[in-house]
Amino acid sequence: GFAPRDITPEATLSILDRECHGLMSWASAELTARQPLATLSRAAAGVCGQTLVANLPGNPSGAAQVVDVLFPLLLHAVRDLRGGR
């Protein structure tokens with residue numbers, strides 16, 4: 001969000017080796033029909049070493065919705081990180 005204390009995206013970006021702009025943008029677009037406030041997301045995602053990092057909403061219900069939408073893509077991304085295995 002835009003609250004002064006919400007620095008999660010900036011903190012995440014500071015540790016990423018490679019950013020994946022599209023991942024969270026796609027999740028936001030997919031969820032906007034269910035939750036219009038999803039368009040305000042500033043979530044970041046990318047790779048740190050061999051680890052995939054993605055910001056999730058603080059609300060458990062919102063986090064579950066994002067994971068549901070992203071799960072198939074995350075499986076593919078993890079396979080890529082493992083060299084296709």
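Q: Just to check I follow, could you spell out the nonpolar core for this structure?
A: Note that soluble globular proteins tend to have their nonpolar side chains buried in a common cluster. Membership of the largest hydrophobic core is limited to 10 residues, which are L23, M24, A27, L31, A38, A45, V66, V69, L70 and L74. Listing elements by their share of this core, those giving two or more residues are helix 2 (21-31) and helix 3 (60-81). Not counting residues up to four positions away in its chain, the partners in contact with A45 are L16, E19, C20, L23, M24, V53 and A54.

Q: Just to check I follow, could you spell out the pairing of strand 2 (residues 45-48) for this structure?
A: Taken residue by residue, a regular strand's side chains alternate between the two faces of the sheet. Relative to strand 2, strand 1 (residues 18-19) runs antiparallel, the two being bridged by two bridges. Residue R18 lies in a different strand from strand 2, and its bridge partner there is V47. Sheet topology note: the strand 2/strand 3 (residues 51-54) ladder contains four bridges and is antiparallel. By the bridge assignment, A45 is partnered in strand 3 with A54. The hairpin turn running from strand 2 into strand 3, its antiparallel successor, is two residues long, and G49 in that turn takes a positive phi close to 65 degrees.

Q: Hey, could you run me through the environment of T12 in this one?
A: Positionally, T12 belongs in helix 1 (residues 8-15). Counting along the chain gives 42 residues from T12 to A54, while the straight-line C-alpha distance between them is 8.2 Å. Not counting residues up to four positions away in its chain, the partners in contact with T12 are A44, V53 and N55.

Q: It is not clear to me how the sheet that holds strand 2 should be interpreted in this structure. Could you clarify?
A: The strands making up a sheet associate through backbone hydrogen bonding, with each pair oriented either parallel or antiparallel. With respect to topology, three strands assemble into an open sheet ordered 1-2-3, the strand pairing being antiparallel. Edge strands, defined here as strands with exactly one partner in the open sheet, are strand 1 and strand 3. Along the sheet face, helix 3 touches strand 1, strand 2 and strand 3 and points at about 150 degrees away from the line of strand 3.

Q: I tried to follow helix 3 on my own but got confused; where do I start?
A: For an α-helix, the turn length of 3.6 residues means that residues three or four places apart are oriented alike. Helix length check: helix 3 (22 residues) gives 27 Å between terminal C-alpha atoms against 32 Å at 1.5 Å per residue, more than 12% under. Maximal helix bending in helix 3 amounts to about 55 degrees, located at F71; proline P72 follows within four positions. If you check which residues of helix 3 are buried, you get G62, A63, V66, V69, L70, L74 and L81. Each element contacted by the buried residues of helix 3 is listed here: strand 1, helix 2, strand 2 and strand 3.

Cut-offs and rules
Residues numbered from 1 in each chain as written. Predicted model: local features only at pLDDT ≥ 70, side-chain atom pairs only at ≥ 80, totals over all residues. Heavy atoms only, no water. Core = buried A, V, L, I, M, F, W, Y, C linked by side-chain atoms within 4.5 Å. Buried < 20%, exposed > 50% of the residue type's maximum accessible area, 1.4 Å probe, protein only. Helix = DSSP H or I, 4+ residues; strand = E, 2+ residues; numbered from the N terminus. Contact = heavy atoms within 4.5 Å. Pairing = 2+ DSSP bridges. Axes fitted to C-alpha atoms, helices over the stretch in contact; angles between N-to-C directions. Expected span 1.5 Å × (residues − 1). Bend = angle between axes of the 7 residues up to and from the residue.

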